[in-house]
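These are the residues of each chain, in order.
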Amino acid sequence: MWLVLLIIVAVWVIFGVKEIRVKWVSLPLFNYFKRALPELSDTEKEAMKAGDTWWDASLFSGKPDWKMWLHSGKPRLSDEEQAFVNNELKSLMAMLDESKITAQGDLPEEVWKYLKEHGFFSMIIPKSFGGREFSAQANSVIVSTIATRSLSTAVTVMVPNSLGPAELLLHFGTQEQQNYWLPKLASAQALPCFALTSLHAGSDAGGITDFATVCKQEFEGQETLGLSVTWSKRYITLAPVADVLGLAFKVYDPDQLLSDKTELGITCALIPTQHKGVIHGDRHDPMGLAFMNGTTQGKDVFIPLDWVIGGQDGIGIGWRMLVSCLSAGRGISLPALSAGTAQLCSRATSAYSQLRYQFKQPIGQFEGVQSALARICGLTYSIEAGRENTALAVDLNKKPSVITAIAKYHLTEQSRVVINDAMDIHGGKAIQKGPLNYLANHYAGMPISVTVEGANILTRNLMIFGQGASRCHPFILKEMDAVQIEDTEQGLKEFDKLLVSHLIHSGTNCLKALFNGLTAARFVSSPVSGDVARYYQLLTWYSQVLAVMSDIAMLRLGGALKYREMQSARLGDMLSHLYLASCVLKKFEDDGHQCGDLPLVRAAMAYHLSSYSEAAKTFIENFLPRGLRSIVKRLVFPLGTRAFSVSDEEVKSLCASVFENSNTRNRVSALCDCEGMAGLEKLEKALSLSRNVKVAYHDFLRWQRKQTATLYDKAVSQQLNEACEAGVISEGDKQALDEWLKVRDEALSVDAKSA
């Protein structure tokens, strides 16, 4: 007892008496922090400054504000946007046949014309410049819907409305540049592309080998101060058909015509593709999809300074421009492609598994197929929740770089799981290409989404926690600023204040995590009651665990943590699954607690909670010395993580809900319109007819099984006649079955080529 009291008094003296605390705690940590800070590259510094935090910071703090989250707004379209979806978008969908598009290697001329004339390339441009001025939510819905039908068209529409000239001009362009270019872009007089990727740079903008030198040359009849630019870019979508090229390169000023510096940094400029010296390079073939993608080059191409985005003041701030605007690509476009693919898979596979019979029963009745179908539908629900709420963040004028990186990585990866499961269930039908195959092109196109805007390995291992640890933590970024103050005494003073708050924060989270671990979070308050309340309790506890783990990691490794990519990735996974699980819960609230969606919610939550649990346990096992592992486990998970994979009963319940409740099936695939899509239309027609003949068909199958020896050489229509004569089915049943079986066979058939 006395020993405990002595320890309490010692801790109080050390941390409560400022002079002692500063000398024995703050100063050593101040010096350690200063040494441990990583050497940040210029691009990393720009990434740290760009964007902001949102719900990710609340989750990272250990104190998620659920009321704020649930009242942050519902993803909705305006009347004008909904009218566009109901009319212009619907008309476009009727024009799209991905099989023909990929076969001819380009969108039909009438599709290009329609896209240009109806503002599909101007969704982010303000009305004052002739654009649509749609919300991020509308942009996302439109791209997702197109993606269910044609990835080639979706990517073509996506690019001008994401990272590219229009967005950069809106945020950083001069008034003159906006007035000149935005009306042209809005009316599609000028089709844009943006070129960042170089051969040896990839996603490392700091490694760009494309360059420009400041010089004076004659331009339009007079000597002009400008840039002589040399570049060679690849993987540039729309480059083969673009009228204006957005370009990123490094600027050097050897003669110091602009400043006393020689290296001026990454810069972005707009160059008309017909400008002298611009070379349209070879076209790429991205997995057989038909969107335009290719190379662009130029050598010693002179451009005036007012072609730099932002004019002369824009020189050297190109990376800040790009990082600030990445939210459109990462947070809108790529999640939209993922949502479109997943919803197509959910709609098609849920129908196919009810129509395709094996061993005299629908394959959807086999538990193995049900496991895969439950995963498809649960992840589709999760992807849609992530898509909606990440777009919502952009509409709230947030630039949450961590959240958009999470959305990019995890939604594309979940979509990859979904398409693989759909292919597996469809079997041979999924691999024979042609108009009746609605999965093949999406399967081929899936790797494209995981490689752009930073390949997924890069996004997971370097970006999510790499940025999240400092951006989302309530104290780390401030402490980093404090130790970099030139006045050491002032820096130590600021650091000491922050350290006290940080220690209280960390200690509180440790105690909360321990208490909630011992009580399985049963005493945590939930903002809602009923079926999903338990999930809020678990996520609050898991948020506290993440806060504790992050502090341990940063204390032990400091700046070296960024080089421990596998560990950083696991912490990032913990944050990611907290975010996506909270999106699932918010979607359930926003949609009005649809009872038919509960099985989808349970499947999605089981996926995220078990994934979080696995990441946390793997982090502890690999990061901490053997002696500390059990201590930390007992601290945060004394009774286990309480996270479990989806149960067999929940799998069966989900499949039953999707099979028996058309509203549930329609909601999980709401953006997938089957009209005009041959393969899906046949599936939907056959599924609709099957509901009226199911009982009669099973009666017929039972009779057929007993008559095998006498029926093997008879056509199905003849068998139906005999079953009717035997009183097994009625005359009406016979006619309905005859029609349904013909439609079903058409739906299950595949395309064939003549030999």
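Right, let's walk through the structure included here. Keep in mind that what you see is a predicted model, and the values were worked out from it rather than measured. (Residues numbered from 1 in each chain as written. Predicted model: local features only at pLDDT ≥ 70, side-chain atom pairs only at ≥ 80, totals over all residues. Heavy atoms only, no water.)

What to know about the side chain of Ser198
Link 1 in the chain: Following the sequence through the fold, Ser198 ends up in the loop between strand 1 (192-195) and strand 2 (211-219).
Link 2 in the chain: Looking at Ser198, its side chain comes within polar contact range of the side chain of Lys233, at 3.4 Å.
Link 3 in the chain: What Ser198 contacts, discounting residues up to four positions off in sequence, is Ile208, Thr209, Asp210, Ser232, Lys233 and Arg234. (Helix = DSSP H or I, 4+ residues; strand = E, 2+ residues; numbered from the N terminus. Polar contact = N/O pair within 3.5 Å; in protein donor to acceptor, adjacent residues only side chain to side chain. Contact = heavy atoms within 4.5 Å.)

Quick word on the packing of aromatic side chains
Link 1 in the chain: One pass over the structure, following the stated rule, counts 23 aromatic pairs.
Link 2 in the chain: Judged by centre distance (6.1 Å) and plane angle (40°), the ring pair of Tyr114 and Phe120 falls under tilted. Residue Tyr114 shares its accessibility class with Phe120, and that shared class is buried.
Link 3 in the chain: Where Tyr357 meets Tyr697, the ring centres are 5.1 Å apart and the plane angle is 85°; that geometry is what we call edge-to-face. Taken together, the positions of Tyr357 in strand 8 (residues 357-358) and Tyr697 in helix 26 (residues 678-706) put the pair 340 residues apart, joining distant regions of the chain. Assigned by exposure class, Tyr357 and Tyr697 land together as buried.
Link 4 in the chain: One cation-aromatic arrangement involves Lys586 over Trp69; the distance from NZ or CZ to the ring centre is 5.8 Å. (Phe/Tyr/Trp six-rings, centres within 6.5 Å; stacked < 30°, edge-to-face > 60°. Buried < 20%, exposed > 50% of the residue type's maximum accessible area, 1.4 Å probe, protein only. Lys NZ or Arg CZ within 6 Å of the ring centre and 35° of its normal.)

So, the packing of helix 28 (residues 716-725) against helix 29 (residues 731-748)
Link 1 in the chain: Closest axis-to-axis distance for the helix 28/helix 29 pair is 9 Å, and the angle between their directions is 165°. By the angle class used here, helix 28 and helix 29 are roughly antiparallel. Crossing hand, helix 28 versus helix 29: right-handed. Every residue of helix 29 that contacts helix 28 at Val716, Ser717, Leu720, Asn721 and Cys724 is listed here: Glu731, Lys734, Leu737, Asp738 and Leu741.
Link 2 in the chain: Counted by class, the contact of helix 28 with helix 29 contains 5 nonpolar, 2 polar and 3 charged residues. (Axes fitted to C-alpha atoms, helices over the stretch in contact; angles between N-to-C directions. Parallel < 35°, antiparallel > 145°, perpendicular 65-115°, else oblique. Left-handed = near helix turned anticlockwise from the far one by under 90°. Nonpolar A, V, L, I, M, F, W, Y, C, P; charged D, E, K, R; others polar.)

What to know about the environment of Ile279
Link 1 in the chain: Structurally, Ile279 can be placed in strand 6 (residues 279-283).
Link 2 in the chain: Judged by relative accessible area, Ile279 falls into the partly exposed class, the value being 43%.
Link 3 in the chain: For the pair Ile279 and Thr508, spaced 229 residues apart in sequence, the C-alpha to C-alpha distance is 61 Å.
Link 4 in the chain: If we ignore the near neighbours within four places in the chain, the residues touching Ile279 are Thr295, Thr296 and Gln297.

Re the side chain of Thr145
Link 1 in the chain: Topologically, Thr145 is positioned in helix 9 (residues 136-149).
Link 2 in the chain: Not counting chain neighbours up to four residues away, the residues in contact with Thr145 comprise Leu89, Met93 and Leu671.

Focus: the pairing of strand 3 (residues 222-237)
Two faces, one strand: in a regular strand the side chains alternate between the faces of the sheet.
Link 1 in the chain: Two elements, strand 2 and strand 3, share 9 bridges in a ladder whose sense is antiparallel. Each residue of the ladder has a partner; that of Gln217, found in strand 3, is Thr224.
Link 2 in the chain: The hairpin turn running from strand 2 into strand 3, its antiparallel successor, is 2 residues long, and Glu220 in that turn takes a positive phi close to 55°.
Link 3 in the chain: Pairing of strand 3 with strand 7 (residues 293-304), which is carried by 9 bridges, proceeds in the antiparallel orientation. Bridge assignment links Lys233 to a residue of strand 7, and that residue is Thr296. (Pairing = 2+ DSSP bridges.)

As for the pattern of salt bridges
Pairs may arise between side chains of opposite charge once their charged atoms sit close together.
Link 1 in the chain: Counted according to the given criterion, the structure contains 25 salt bridges.
Link 2 in the chain: As a salt-bridge pair, Lys90 and Glu675 come within 3.4 Å of each other at their nearest N and O atoms. With Lys90 in helix 6 (residues 79-95) and Glu675 in the loop between helix 25 (662-668) and helix 26, the pair connects residues that are 585 residues apart, well separated along the chain.
Link 3 in the chain: Its relative accessible area of 49% is what places Glu675 among the partly exposed residues.
Link 4 in the chain: One salt bridge connects Arg665 with Glu684, and the closest N-O pair in it is separated by 2.6 Å. (Salt bridge = Lys/Arg side-chain N within 4 Å of Asp/Glu carboxyl O.)

Treat this as a map of the structure, not an account of what it does.
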